[in-house]
Structure formats: C-alpha cells, structure tokens
Amino acid sequence: MSEIHIRQLSRSYGTYQALKSCDLIIPDGALLALLGPSGCGKSTTLQLLAGFDTPSSGEIWADKELLSSPQKVIPPEHRGISLVFQNYAVWPHKTVAENVAFGLKLRKLSRSEVETRLNRALDMVRLGAFRDRYPFELSGGQQQRVALARALAVEPKILLLDEPLSNLDAHLREEMRFEIRRVHDELGITTVYVTHDQGEALVTADKVAVMRAGVVQQFGSPEDIFEKPANTFVASFIGSNNEIKGVKDAGGALRVGATPLRAEDRSSVAPGEPAILCIRPSRVQLCDPTTPGNRLDGTVKRSAYLGEYRDVLIDLADGGTLRAFVAPHLRPSIGDPVSVHLPPTACQILDAPQ
Ligand code: ADP
Ligand code: MG
C-alpha cells in the first residue's frame, strides 16, 4: 500500500506540453480516476507513474520514496506497480493459468506459492473455472479479467489501469465497472484508473481528477465534481449541463434579460460582468407561468421520449435554449409555451469560459 504524491509534474514533447504542473495526492488505498477527453494527458500521467517515462520537471513520491524526477526514475520493476491496458495484451498461446502465473514464475517463487497466488488471483476475478482455456476461447470481458488477474497476482502496491474497459461492449463495460470497484474494495490497493468515460469514473472512483489539455481542472469526490463543478468545462464534461449567459447582479444573482436568477455564486467576476449560470437538465422543473422567482419562459423546440424521462429543449424568451429532463408522462408539444423553475440550490454562477 502506498500514498502517492505528484508534485508540479510536467512532461513536454518538444515544445508541446502534454502535462502541465500537475499536483495530486492519491491517498493510501484510494481509487483515483483520471478523467478527461482524448489527448488531455491521462496516459502520459500514467506512464510517468509507472516509471516508463521521465518527467520534464516535477516529482513523484510514494510514501517517503522519490520514484521519479527529471534526474532519476526508479524503473517499473522496482516500483511494485502493475499496469493494465485497454488492449488486454494476454498471450494468445498461453492458457489463462499460464498467463496469470507468468509474472510469478519470473519472480522465482516456489511452486506452491505460485499455485496459491494464482488461485487467489483467479478467484478474485471469478475465472477459477476457466484456468485451462486459451484466450480465443474467452469473451473480451473474460480476457480483460485475465489481464486484471495477472496484474493482481504479483501483489502490487499500486495498480494502474489505462482505459481498461474501452474495448468491451457497453453492457460488459457497465458490469466490469462494478467488478473493478469490488476487487479494489477487497484488496485495498492504491489504484489509478484512466478513463474518458464520466460514468466509469463516477462509479469506480473515490476521487476524480478531471483533466483538460494537460491541466487538472478539478480534484474531488464524484459528488463534488458533479454537484460543484469548478468551471464550465467540468460541468459539461461530467453529465449534461445547461449554460445560460447573463450578467452578474450586485446581489449575487445572475440577470438573464430582465430576469434575475438566484444561484450559488462560484464565479470570480465582479457585479456587472458577464457570467454563466449552470443547471443540470434533470434539475429543471416545468412550472406554472405565474410561479414567482427563478422562472424562465419559452417555447418547446423539441421533445424526445427516452423511456425513463423526456428530453425537452426549450427556446427561451430571453434568448438561448435550455434542456429539461422531465417525467416521461408529460407531453409538451412543439411550439407550446412553457415555463420552467430553476431551483436556486441547483443553480451555480460560474465564470464564462475564456
Ligand atoms: P490521453 O491518454 O489523455 O488520451 P496522452 O497522454 O496519450 O492523452 O497524450 C497527451 C498529448 O501528448 C497528446 O496530444 C499526444 O498527442 C501527445 N503525446 C503523447 N505521447 C507523445 C509522444 N511520445 N510524442 C509526442 N507527443 C505525444
Ligand atoms: Mg490514453
């Protein structure tokens, strides 16, 4: 087990900075998700953590040990880490058991110790009954379990997972999220999980670091980043989000046209300056046109039935559009006048993007 400190970590390729002054603390035994769009520097961070790459500046510490700096990188085999990739990289000509035992044999463990650890790892990923099969006899999900068992069998201090579920179909992906969480809870290994899928990050992680263009935008619990996004990028990357342009009031509300909307003010701009009001579509409520306070009026532009809810797009009288996820039995028709209530506790004022 290890607590990891990443300090001012940067990595440049020529003049391009793939990672910029990253600071993160990964508590002992935590599962951290690195979440962000493709190309934001997630794999770069993981490769640095693994010791496959050298930082341009900054340091990585595990407890009291300096693992990486521009001057010195402790090699992967001396870090007590295991890495699992998106493409499972299981050996096609080895059975499940041979794949999982491979790293153990390299460590010159006794035969009985290999057998004990092999069985434990296979049981952990529920592949005990498949030990003599070859990868081609397994589904994609089972192959990824083999890769996970192989990573776990060597009993690493740190487990690194780089988009481990990306090659699986949607149904398996959802199931495996919970499996990875379960395995983590049973073993308690400090784990870093890289994904571009916000659902995956929210389900699996204790802490999420949202990245964009090499910069950590926000670091917090899944609830924090969903409920209190640091900026409009995080707000729209994590789930659906409405952004309404307006001007900040002296009272901390946001004025949209003539309508003041009360909200939690988390912006840094002065009154009179433009800012953005964010609210999740699931928090927008259809209401009576006489409802006082935090109400906007408009017309229905689009209405789509999605079974569990109805996705309604509204053209606002004050300009712009707003999405509302409402109860599926409500049937607003296109062109209908409609009013919505934006509960102040669901509204946040954030800085307009630069
Ligand atoms: P992610 O895993 O978030 O998709 P990466 O960490 O792989 O992103 O890459 C971050 C950025 O760094 C990308 O723009 C990528 O093209 C660039 N990059 C990654 N590795 C190299 C490399 N070896 N040489 C040059 N550029 C690289
Ligand atoms: Mg990547």
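Values in this document were obtained by computation on a predicted structure and should not be read as measured data.

Novice: Is there a simple way to explain the site of ligand 1 in this structure?
Specialist: Contacts to ligand 1 come from Y13, Y16, A18, P37, S38, G39, C40, G41, K42, S43 and T44. A distance of 2.7 Å separates an oxygen atom of ligand 1 from a polar backbone atom of G39. Protein coverage of the free-state accessible area of ligand 1, which is 560 Å², stands at 58%. Mapped onto the shell around ligand 1, the elements with two or more residues apiece are strand 2 (16-26) and helix 1 (42-50).

Novice: Explain the sheet that holds strand 11 (residues 242-248) here, please?
Specialist: Here six strands make up an open sheet; going across it, the order is 13-12-11-15-21-14 and the pairing mixed. The open sheet has two free edges, formed respectively by strand 13 (259-261) and strand 14 (264-265), since each of these has just one partner strand. Direction of pairing for strand 14 relative to strand 21 (residues 348-350): parallel, over a ladder of two bridges. Looking at strand 21, one finds that D265 is bridged to I349.

Novice: Looking at this structure, how should I read the domain arrangement of the protein chain?
Specialist: Split into domains, the protein chain comes out as domain 1 (4-232) and domain 2 (240-351). One C-alpha centre belongs to domain 1, the other to domain 2, and the line joining them spans 39 Å. Across the boundary between the two partners, domain 1 contributes eight residues, which contact ten residues of domain 2. Both faces considered, domain 1 and domain 2 share a buried interface measuring about 710 Å² in area, 43% of it formed by carbon and sulfur atoms. Where domain 1 meets domain 2, there are one salt bridge. The residue K228 makes a salt bridge to E264 at a minimum N-O spacing of 3.0 Å. The interface formed by domain 1 and domain 2 holds five residue pairs in polar contact (both at pLDDT 80 or more) in total. Ranked by residues supplied to the side of domain 1 that touches domain 2, first place goes to helix 7 (residues 222-227) with three residues. Residues of the side of domain 1 that touches domain 2, tallied by class, amount to four nonpolar, two polar and two charged.

Conventions and cut-offs
Positions within a chain are numbered from 1, following the residues in the order the chain's sequence is written. Ligands are numbered from 1 and chains lettered from A, in the order in which they are written. Side-chain atom pairs in this predicted model are given and counted only at pLDDT of 80 or more, local residue features only at pLDDT of at least 70, and totals for whole chains, interfaces and linings cover all residues. Heavy atoms from the whole structure form the basis of all side-chain values; hydrogens and water molecules are not counted. Residues are labelled near a given molecule or strand when at least one of their non-hydrogen atoms is within 4 Å of it. Whenever two N or O atoms come within 3.5 Å, that pair is a polar contact, provided that in protein one can donate a hydrogen and the other can accept it, and provided that, for residues adjacent in sequence, both atoms are side-chain atoms. Every accessible area reported is derived by Shrake-Rupley at a probe size of 1.4 Å, with residue values counting cover from the shown protein chains alone. The helix and strand labels rest on DSSP assignments: H or I over at least four residues marks a helix, E over at least two residues marks a strand, and numbering proceeds from the N terminus. A pair of strands is labelled paired if DSSP reports no fewer than 2 bridges between them. Domain limits in this description derive from either an automatic procedure or a database domain assignment. Whether two residues touch is decided by their heavy atoms; if any such pair falls within 4.5 Å, the residues are in contact. Summed over both partners, the accessible surface that disappears when two parts come together, traced with a 1.4 Å probe, is what is meant by buried area. Every case where a carboxyl oxygen of Asp or Glu lies within 4 Å of a side-chain nitrogen of Lys or Arg is listed as a salt bridge. All amino acids are sorted into three groups, where Ala, Val, Leu, Ile, Met, Phe, Trp, Tyr, Cys and Pro are nonpolar, Asp, Glu, Lys and Arg are charged, and the leftover types, Gly among them, are polar.

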